[in-house]
Amino acid sequence: MILAAGLGQRMRPLTDHLPKPMLSVGGKPLLQYHLEHVHAAGIRQVVINLAYLGEKIRAFVGDGSRFDLQVEYSEEPEPLETAGAILKALPLLGDEPFVLVNGDVWSDYPLQNLVRHSLERRYNGHLVLVPNPAFHPAGDFALAQDGLLLAGADQPRYTFAGISLLRPQMIADYPQRREKFPLGEVLRHEIAHGRLTAEVYQGAWSDVGTPERLVGLDSELRHP
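The present account deals with the structure reproduced in this document. Nothing here was measured: the structure is a model prediction, and the numbers come from that model.

Details of the overall build of the protein
And step 1. Of the regular secondary structure elements, the protein holds seven helices and 13 strands.
And step 2. In summary, the protein has a C-alpha radius of gyration of 17 Å against a globular reference of 17 Å for 224 residues, a match within 12%.
And step 3. Summarising its shape, the C-alpha atoms of the protein cover approximately 40 × 40 × 30 Å along the three principal directions.
And step 4. For the protein, the proportion of contacts with a sequence separation of at least 24, taken over those separated by at least 6, is 71%.
And step 5. As presented, the protein carries roughly 10600 Å² of accessible surface, and 50% of it is formed by carbon and sulfur atoms.
And step 6. In the protein, the 21 positive side-chain charges and the 27 negative ones have mean positions that sit 1 Å from each other.

Set out below in structure tokens:
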């Protein structure tokens, strides 16, 4: 599943007429990189959630056939936040673990690592973390040496890359689930119960959250 329904308010005026995943870096939309990386990982079935200017995404991707993918859409009347989006899309996602990618990040992380990852039954998800960028020095989650995510702050902390492997049941069974709620809330609940693992990726990653970061990533991709 690719999360693509956000309003992109911090990116205005660039997102006045384009949804954030359709912003171009290195000569093509962010979303196209995700579709290409998904295909390279051997994934063929993709769900994309749509809300703000979703028709622009649908017009670009269509049924996915030009990317050799089968794409289905989860339409939202308004952005439902990350976990609300997954909850609404559950009928399209099936019962097995699925790869989740935020539409507004860019990374060369090989998604096939998640496809091949053997998620033990006692765990509900496996997250990709990255070293903390300058704009987020405190990080998101603490990580133990054995790969278990921890609630405490006395272990090294890293930033969630917006890339993960999740069990649908994690959202379906969350006791405080509602129409609109963030994934971070669910992840903290799972961490408190010892049900998430993670890995730290040291490769290229960017959160395209501001126009300045967009320009920086565009320059890096055009002049590697």
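Re the environment of Tyr123
And step 1. By secondary structure assignment, the location of Tyr123 is in the loop between helix H4 (112-116) and strand S8 (125-130).
And step 2. Among the residues examined, Tyr123 registers a relative accessible area of 13% and is labelled buried.

Observations concerning the pairing of S8
And step 1. Judged by how many residues are buried, S8 sits mostly within the fold: six of six residues are covered.
And step 2. Alternating residues of S8 divide into Gly125, Leu127 and Leu129 and His126, Val128 and Val130, and every residue in both groups is buried.
And step 3. Alignment of S8 against strand S11 (residues 157-166), held across six bridges, turns out to be antiparallel. If you follow Val128 over to S11, its bridge partner there is Ile163.

Here we look at the side chain of Lys20
And step 1. You can see Lys20 is positioned in the loop between strand S1 (2-3) and strand S2 (24-25).
And step 2. On the basis of relative accessible area, Lys20 is assigned to the buried category, the value being 10%.
And step 3. Among the polar contacts made by the side chain of Lys20, one reaches the side chain of Asp104 at a distance of 3.0 Å.

Looking at the packing of aromatic side chains
And step 1. Throughout the structure, instances matching the rule amount to five aromatic pairs.
And step 2. Ring centres 6.1 Å apart and planes at 85° place the aromatic pair Tyr33 and Trp106 in the edge-to-face group. In this pair, Tyr33 sits in helix H1 (residues 30-40) while Trp106 sits in strand S7 (residues 105-107), placing the two residues 73 residues apart along the sequence. As far as burial versus exposure is concerned, Tyr33 and Trp106 are alike and both buried.
And step 3. Taking NZ or CZ as reference, Arg66 lies 4.6 Å from the ring centre of Phe60, over its face.

Digging into the nonpolar core
And step 1. Residues Leu31, Leu35, Ile48, Ile57, Val61 and Leu111 are the most contacted members of the largest nonpolar core, which totals 33 residues.
And step 2. Every element with two or more residues in this core is listed here: H1, strand S4 (45-50), helix H2 (54-61), strand S5 (70-75), strand S6 (98-102), S8 and S11.
And step 3. Filtering out sequence-adjacent residues up to four positions away, Leu111 remains in contact with His37, Val38, Ala41, Val99, Val101 and Ile163.
And step 4. Counting 28 residues, the second-largest nonpolar core is a separate cluster that includes Met1, Leu93, Phe98 and Phe141.

Criteria and cut-off values
- Residues numbered from 1 in each chain as written.
- Predicted model: local features only at pLDDT ≥ 70, side-chain atom pairs only at ≥ 80, totals over all residues.
- Heavy atoms only, no water.
- Helix = DSSP H or I, 4+ residues; strand = E, 2+ residues; numbered from the N terminus.
- Rg over C-alpha atoms; globule rule 2.2 N^0.38 Å.
- Contact = heavy atoms within 4.5 Å.
- Areas by Shrake-Rupley, 256 points an atom, 1.4 Å probe, with all protein chains shown as cover.
- Lys, Arg positive; Asp, Glu negative; His and termini not counted.
- Charge placed at Lys NZ, Arg CZ, Asp CG, Glu CD.
- Buried < 20%, exposed > 50% of the residue type's maximum accessible area, 1.4 Å probe, protein only.
- Pairing = 2+ DSSP bridges.
- Polar contact = N/O pair within 3.5 Å; in protein donor to acceptor, adjacent residues only side chain to side chain.
- Phe/Tyr/Trp six-rings, centres within 6.5 Å; stacked < 30°, edge-to-face > 60°.
- Lys NZ or Arg CZ within 6 Å of the ring centre and 35° of its normal.
- Core = buried A, V, L, I, M, F, W, Y, C linked by side-chain atoms within 4.5 Å.

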